[in-house]
Amino acid sequence: MTSRTGRHFLHIPGPSPVPERVLRAMDRQVIDHRGPEFGVLGREVLEGCRTIFRTKGPVVIYPGSGTGAWEATIVNTLSSGDRVLMFETGHFATLWRQMAARWGIEVEFVPGDWRHGVDPALVEAKLAEDRSHAFKAVMVVHNETSTGVTSRIPAIRKAIDAAGHPALLLVDTISSLGSVDYRHDEWGVDVTVSGSQKGLMLPPGLGFTAISDKARAAGRSNTLPRSYWDWEEMLKPNANGYFPYTPATNLLYGLREAVAILLEEGLDAVFARHQRLAAATRAAVEAWGLEVLCRNPDEYSPVLTAVMMPDGKGADAFRALVLEKFDMSLGAGLSKLSDTIFRIGHLGETNDLTLMGALSGVEMGLAAAGVPHRRGGVLAAMASLRSGLDG
């Protein structure tokens, strides 16, 4: 086994590496979560979240995961027996569909090949056929972490409007918020779901929902039970920076610092950086003679790149070798993509040199594992990054 000196290269598509500034911000004593100091902290992080989600409406922060925020979205907007429209874009869309079904929601799940995002034309066609407006919501995963495909939310919103349909638009941004351009208000999203451990550069442990007025109105008439996940019970004390139960204080310290980091760089600059790193990664994959899983260039993910293994070569053995020899973690293929792809995360606290180190590890790993490929992927990525800087 290679000696473990230097730092571990964590290049899964989340949890992403936590910046030192965020770690230091969390490394302090807890405070009275009913006291005035906490009220200031609470107001700061709630306002900061509104900036990141690009909304003037409320953002609810839960001590929990993105999966919990999925459930909060369902139980606050839908009733058992409601129909919703969902699309099979990958592993996480499938899991959200399964959760909805367990709550008694009737899901029309449009099949997909896991290589494309949601087709806006199909959204419009499905909703136009629904003349009785039986569909109560369209539920979409923005960035499908299992595939490296990003669905086009503005086009989906336009499709819903073109069909003249009143369905809610519920969007999962667990792996995209803070890494991919996203505009809750401008794009007419009703609920945006997210989590702390990806673009927000925090440890796992916080779930988020940004909520439109239309979504809150749905919550006043739907019939699913909720207690912990009840928006209205959260929003009452949130008005003064407090929570109805014990909050994750140290994660909130980290969240305040993470928001500051993102705003110091500037959200547009953050998104442009992710696009540059993603383009360099794809340049490397192409130079290696391998194939990116995502087939539509308009849907390439800025967060991760999923790479298909050549026939007869297992992705899991390759990832294990890279971990052992180079101390780098790459993402596994999930469910139907198991052992057929590996995923390179390039999100959060990642820059040009971090990415070059990761791609060097991949190229050395391909050679060490005997995976058929061409040399030169790292050089192609370097050329892409230089071009981006010159531009």
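Residues numbered from 1 in each chain as written. Predicted model: local features only at pLDDT ≥ 70, side-chain atom pairs only at ≥ 80, totals over all residues. Heavy atoms only, no water.

Student: Explain the UniProt feature "domain: Aminotransferase class V" (unreviewed entry) in the protein to me, and be specific about the residues and the numbers.
Tutor: As recorded in UniProt, the feature "domain: Aminotransferase class V" (unreviewed entry) lies at residues 10-319. Helix makes up 41% of residues 10-319 and strand 16%, and the two end C-alpha atoms of the span are 12 Å apart. (UniProt positions renumbered as here; feature names shortened; annotations may be inferred. Helix = DSSP H or I, 4+ residues; strand = E, 2+ residues; numbered from the N terminus.)

Student: A description of the sheet that holds strand S12 (residues 304-308) should follow, citing residues and the corresponding values.
Tutor: Strand order across the open sheet formed by five strands is S1-S13-S14-S12-S11, with mixed pairing between neighbours. Two strands lie at the open edges of the sheet, namely strand S1 (9-11) and strand S11 (291-292), each paired on one side alone. One ladder, built from two bridges, connects strand S13 (residues 328-332) with strand S14 (residues 341-345); its direction is antiparallel. Its bridge partner being in S14, Ala332 is matched across the sheet by Phe342. (Pairing = 2+ DSSP bridges.)

Student: Tell me what's going on with the nonpolar core, and back it up with residues and numbers.
Tutor: In this structure, Ile61, Trp96 and Leu255 are the most contacted members of the largest nonpolar core, which totals 85 residues. Among the elements that make up this core, the one with the highest residue count is helix H9 (residues 249-265) (eight residues). Setting aside residues no more than four positions away along its own chain, Ile61 makes contact with Val45, Leu46, Cys49, Leu206, Gly207, Phe208, Met234, Phe243, Leu252 and Leu255. Membership of the second largest hydrophobic core comes to 28 residues, among which are Leu277, Trp288, Leu330 and Ala381. (Core = buried A, V, L, I, M, F, W, Y, C linked by side-chain atoms within 4.5 Å. Buried < 20%, exposed > 50% of the residue type's maximum accessible area, 1.4 Å probe, protein only. Contact = heavy atoms within 4.5 Å.)

Student: Can you tell me about the pairing of S13, naming the residues and giving the values?
Tutor: For S13, a buried count of four out of five residues is recorded, marking the element as mostly surrounded by other parts of the structure. Across three bridges, S1 lies against S13 in parallel orientation. Bridge assignment links His11 to a residue of S13, and that residue is Leu330.

Student: Describe the side chain of Glu363, naming the residues involved and giving the relevant values.
Tutor: For Glu363, the location among the structural elements is in helix H12 (residues 352-368). Arg375 provides the closest opposite charge to the buried, unpaired Glu363, separated from it by 6.3 Å. Of the polar contacts made by the side chain of Glu363, one reaches the backbone nitrogen of Gly376; its length is 3.0 Å. Other than its neighbours up to four places away in sequence, Glu363 contacts Trp288, His373, Arg375, Gly376, Gly377 and Val378. (Lys, Arg positive; Asp, Glu negative; His and termini not counted. Salt bridge = Lys/Arg side-chain N within 4 Å of Asp/Glu carboxyl O. Polar contact = N/O pair within 3.5 Å; in protein donor to acceptor, adjacent residues only side chain to side chain.)

Student: An account of the sheet that holds strand S9 (residues 191-195) is requested, with residue identities and associated values reported.
Tutor: Here we have seven strands laid out as an open sheet, ordered S2-S10-S9-S8-S5-S3-S4, and mixed in their pairing. At either end of the open sheet lies a strand with only one pairing partner, and these are strand S2 (59-63) and strand S4 (106-110). Taking each pair of neighbouring strands and ignoring which way they run, the sheet shows an average axis angle of 20°. For S2 and strand S10 (residues 206-211), the ladder comprises five bridges, and the chain directions are antiparallel. Considered in S10, the bridge of Val59 is made with Ala210. Against the sheet, helix H4 (residues 91-102) touches strand S3 (83-87), S4, strand S5 (135-141), strand S8 (168-172) and S9, its axis set at about 160° to S4. (Axes fitted to C-alpha atoms, helices over the stretch in contact; angles between N-to-C directions.)

Student: A description of unusual backbone geometry should follow, citing residues and the corresponding values.
Tutor: Excluding glycine, residues mostly have negative phi values, and the peptide bonds linking residues are mostly trans. Of note, the amide linkage connecting Gly14 to Pro15 takes the cis form, showing an omega dihedral of 0°. Tracing the backbone through its elements, the reader meets Pro15 in the loop between S1 and helix H1 (20-26). Positive phi values are uncommon outside glycine, yet Trp114 reaches one of about 65°. Looking at the element boundaries, Trp114 is found in the loop between S4 and helix H5 (120-129).

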